[in-house]
Amino acid sequence: MRASLLLLLPLLAACAKGPQADLQYIAEARSLAAEWALVNQQAAQGKLTDAYVTAMRTSLQQQANTAAKALTQPDSDYAREMRAIAAEPLDAAPDELRAHSDRLKTIEDQLESA
Amino acid sequence: MNPLELTLGIMTAVGGFVDISELVFAGKAGSTFGYALIWVFVFSTVGIMVFGEMSGRVAAVAKQPVFNLMRHRLGLKLGIVTLIASLIANLITCAAEVGGVALILNYLTDAPYMLMAIVSTAVLMASMWVLPFKWIERAYGLLGLFMVTFAVALVAIHPPWHQVAGGLVPHAPAGLSTREMLNFAYFMVAIVSAVMFPYEAYFYSSGGIEEDWGPKDLPMNRISCTVGFGLGSLLAISILASSAQLFGPINVDPQLPGTTALEAATPYGKIGLVLALLGMLFAVGGAAIETCMANAYSIAQFFGWEWGRHRKPWEAPRFTIAWIVLFLAALGIILTGVDPMKLVEFAILFSILVLPLTYLPLLLLAGDKSYMREHVNGVVGKTLGWFYFAVVTAAALAALPLFLLTSGGQG
Amino acid sequence: MKPSAPIKLVGQLLDLPIIDRDGNYSGIVDDIELTGSAGKETRIAALLVGPGAYRGRMPKWAMWLVRKLAGDRITRVPIGEFASIDSAVHLKGSADRLGLHRSEDAARAWIPRKGAM
């Protein structure tokens, strides 16, 4: 009986709802915002090709949108933050994007220590 | 031993080592855990050296590739289970590689991703049709040497070398929470899987038959596996270390393979970016071909068909139809719109589950004197072989629970 | 090993690849036909090659699937056709003469003969 409960535990973890279940999407969006900031920063420094910048910005925004839509708690603070990231213009200021990322990192750390 | 052949063999192994899974996991491993997972790359590379050398030796001495002899060893029922399991794992991996190539072409040209998936599949299939085996292997392996850009870029960003060296010592970072510990364990399993992918043993062994290896080629086999895979592993470790230095401190855990190319853009600008993307393109493209051919080899060898790209396509017609269908199936998976990064996660998971079934027959064959004669596994080969078999079996048992508990390493 | 020598049917013969005199792969030893009976000497009469030979080696539902996908033909290779047995069964003659390449030949009709180096 105990063994079968142990086997069920990972499956139950996969089906959970709530902030803990959203943690993977928060981490994803946190990184996407930071990657986007890095791309825009290096683009401004002339280190990147135009094709790469366009392709990466589009992909990063699309992924951020997908992560925001996957949340189980769409009315939470982090959901609003993630939607704000997805709504940023493609050439958003790196500092703005990093601020989003930092705020999500704070939420992520709070949830992980909960 | 022909020095030119040997050099080409080593260089091909170096350029062909990294694929989309290693690219992705090396980057995430570095940004998430700093230099702490370097030792797992080294540990896994020794594993693939051991099994790679064994599969090349079996091909050279028994003159039969692994899947032929696998069915003989495991029997029909278990053989079919292994065949189906490895077909699924390799097909998902092939689809991930095709998706990876399309993404990289998108970064290079900004052309639409789906169009690039179709174009790249057509180009890869054309190269398999036109080129004989040796030229397929050499072309993609040598062009994959553009990946050296990552090693050069790592030196240019002046990482803390004492910390990089510290990563060679087996350890887990101190002060990890339970969740982080589970994530670390998942990354360990994922790296073992990515480095020791089953398709590598099938491809390397069948490649030995394609190139008509004999006992005289055993020294080259040993050197290609150790030096070639070892140097190739350094490229993956370079990606990890650069990620630890550049991405970890700024909250980046590369979600897109394109982010990894920024490791070369940071010190070298546009030229570094383009060279890195080209290296990724050919390394991942080569892996797409290898996974497709590994599957076609497996099917053809299991059922006793003519096989091999040392023959013209019409001389091995069922094998040819098999790789064409498999490539189109991989493309079909990509055209459903599934995220190639999700495919990478599933490729890692399915592959580790199949690894024990892949390596067990190889170990048994390489240790069988009736096939291998004086080239049978010695004490070192036996010890390392069974040790790594135990490792991949333990990793296979832990993989699914860890995948579910950590949401595929996302924490 | 010579075909006339004692042999372990499962350990040394079943599921081995078959290679003809020209070095062409010609199937797998899918089953073995024996002569003899209880109390009498047992000898190998022939090898059986083809999906039909899986009957008895797979569960019924799997055999149904095999039949749907690949048919149930069996090609019989008499013991007189064997040259030697090591990591493969080597035939004295060509696979074509024994009817072992029918599927390969049928597939060949679909492959254009151009463009390959």
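What counts and what doesn't
Residues numbered from 1 in each chain as written. Chains lettered and ligands numbered in written order. Predicted model: local features only at pLDDT ≥ 70, side-chain atom pairs only at ≥ 80, totals over all residues. Contact = placed C-beta atoms within 7 Å. Helix = DSSP H or I, 4+ residues; strand = E, 2+ residues; numbered from the N terminus. Nonpolar A, V, L, I, M, F, W, Y, C, P; charged D, E, K, R; others polar. Pairing = 2+ DSSP bridges. Core = buried A, V, L, I, M, F, W, Y, C linked by C-beta atoms within 7 Å. Buried ≥ 20, exposed ≤ 12 C-beta atoms within 10 Å, placed from the backbone. Axes fitted to C-alpha atoms, helices over the stretch in contact; angles between N-to-C directions. Parallel < 35°, antiparallel > 145°, perpendicular 65-115°, else oblique.

Q: How should I be thinking about the interface of chain B and chain A in this particular structure?
A: Many descriptions give the size of an interface as the accessible area lost when the pieces come together. Tallying the contact residues gives 28 residues for chain B and 29 residues for chain A. Contributing elements (two or more residues each) for the side of chain B that touches chain A: α4 (66-109), α12 (257-260), α13 (262-303) and α17 (379-405) of chain B. With 6 residues, α13(B) is the single largest residue contributor to the side of chain B that touches chain A. A per-class count over the side of chain B that touches chain A returns 13 nonpolar, 11 polar and 4 charged.

Q: What exactly am I supposed to notice about the arrangement of the chains here?
A: When the 2 pairs of chains in contact are compared, the highest contact count belongs to chains A and B. When C-alpha atoms are compared, chain A and chain C, though not in contact, are closest at a spacing of 29 Å.

Q: In this structure, what is going on with the pairing of strand β4 (residues 43-49) of chain C? I would like to understand it.
A: Two faces belong to every sheet, and in a regular strand the side chains alternate between them. Relative to β4(C), strand β3 (residues 31-35) of chain C is paired through 5 bridges, and the arrangement is antiparallel. When the bridges of β4(C) are listed, C:Glu33 appears paired with C:Ala46.

Q: Whenever I open this one, the nonpolar core confuses me. Can you help?
A: Generally speaking, a soluble globular protein has its nonpolar side chains buried in company with each other. With 201 residues, the main nonpolar core has A:Ala29, B:Ile191, B:Leu240 and B:Ala330 as its most contacted residues. Counting residues per element, this core draws most heavily on α13(B), at 25 residues. Setting aside anything within four residues of it in sequence, one finds B:Ala330 in contact with B:Leu91, B:Cys94, B:Ala95, B:Val98 and B:Cys292.

Q: Looking at this structure, how should I read the pairing of strand β5 (residues 75-78) of chain C?
A: Residues and elements named next belong to chain C. Burial along β5 is one-sided: the face carrying Thr75 and Val77 is buried and the face carrying Arg76 and Pro78 is not. Judged from the 4 bridges that link them, β4 and β5 form a sheet pairing that is antiparallel. Pairing of leucine 47 across the sheet is with valine 77, part of β5.

Q: In this structure, what is going on with the packing of helix α9 (residues 178-195) of chain B against helix α15 (residues 340-366) of chain B? I would like to understand it.
A: The relative placement of two packed helices is expressed as an angle between their axes plus a distance between the axes. Residues and elements named next belong to chain B. Two elements in contact, α9 and α15, have axes whose closest approach is 9 Å; the angle formed by their N-to-C orientations is 75 degrees. Regarding the angle of α9 to α15, the classification is roughly perpendicular. Within the contact between the two elements, α9 uses Val189, Ala190, Val192, Ser193 and Ala194 and α15 uses Ile348, Ser351, Ile352 and Leu355. Split into classes, the residues belonging to the contact of α9 with α15 amount to 7 nonpolar, 2 polar and no charged.

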